[in-house]
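# Per-entry structural report
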Amino acid sequence: MAKKKSITIYKCSECGYTQPTWLGRCPECGSWNTLEECISDPNSTAAAFGKNATEKIKPVPLANVTAQENARISTEIGEFDRVLGGGAMKRSAILIGGEPGIGKSTLMIQTAAAIAKKYGKVLYVSGEESAGQLKGRADRLNLDAKGIEILCTMRLEDIKDALSAINPLFVVIDSIQTVYSVEAGIVPGTINQLKFCANELTGWVKSRDSVLIMSAHVTKEG
Ligand SMILES: [Zn+2]
């Protein structure tokens, strides 16, 4: 089958409206300078990945529903569990924000090691550090790296492939700002990229009993 050609579209970072030509003002929500150039790839796997979005959802009698037990996963770090209200809620996404250098990566590798030890199946995606650097960090913290799969990439498509292959219980993204998808625009780090990638990853954990934890650098400018 011949591959369909990808096309350039313009997407509003405020409301998500798309249109074929660039405009200074979004015709949908009226925002100025929010249209960003994107590539719409008809051969993309995103459609298959987000297939639950098009599934028809029907009501079910509540009496027939099996109660969800153990809806939370303990991070084995007491203070972190307390902040999360008694552990990380399954099917949820946690965002760890803060200025660079305050220890987000340390907290995430510690949490990853604790969860891998107790439950197994952790995927750690690093867009900034190499696998060797991460191992060095884990060793310095005396962490057992067993059960943690490391993926050093910034491409959303690589992350999705790994998610499908490993089906992890716990997914760490360090950091969400480094993740990009060609579908969300040519320039990495834009608001469109951030929204698109965070939405895609959150959608994945929400369809499973998994937890997503993402770090985000917050600058003084916010
Ligand atoms: Zn708009």
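Above this note sits the structure.
These numbers come from a predicted model, not from an experiment.

### Topic: the pairing of strand β7 (residues 122-126)
- Across the 5 residues of β7, 5 count as buried, placing the element largely inside the fold.
- Pairing analysis gives 5 bridges linking β7 to strand β8 (residues 148-152), with the strands arranged parallel. Along β8, the bridge assignment pairs Tyr 124 with Ile 150.
- A crossover connection joins β7 to the parallel β8 through helix α4 (residues 131-140); in handedness this β-α-β unit is right-handed.
- Bridge analysis of β7 against strand β9 (residues 170-174) gives 5 bridges, and the strand direction is parallel. Each bridged residue has a counterpart across the sheet, and for Leu 123 the counterpart in β9 is Val 171.

### Some thoughts on the coordination of the zinc ion
- For the zinc ion, the full set of protein donor atoms is Cys 12 (SG), Cys 15 (SG), Cys 26 (SG) and Cys 29 (SG), and the range of their distances to it is 2.3 Å.
- Written as a sequence motif, the donor residues of the zinc ion are C-x2-C-x10-C-x2-C. Of the two residues, Cys 15 is situated in the loop between β1 (7-12) and β2 (18-19) and Cys 26 in the loop between β2 and β3 (35-40); the sequence distance between them amounts to 11 residues.
- Classification of Cys 15 as partly exposed rests on a relative accessible area of 37%.

Parameters at a glance
- Residues numbered from 1 in each chain as written.
- Predicted model: local features only at pLDDT ≥ 70, side-chain atom pairs only at ≥ 80, totals over all residues.
- Heavy atoms only, no water.
- Buried < 20%, exposed > 50% of the residue type's maximum accessible area, 1.4 Å probe, protein only.
- Helix = DSSP H or I, 4+ residues; strand = E, 2+ residues; numbered from the N terminus.
- Pairing = 2+ DSSP bridges.
- Right-handed = clockwise from strand over helix to strand, strands pointing away.
- Donors = N, O, S within 2.8 Å, 3.2 Å for Na, K, Ca; no water.

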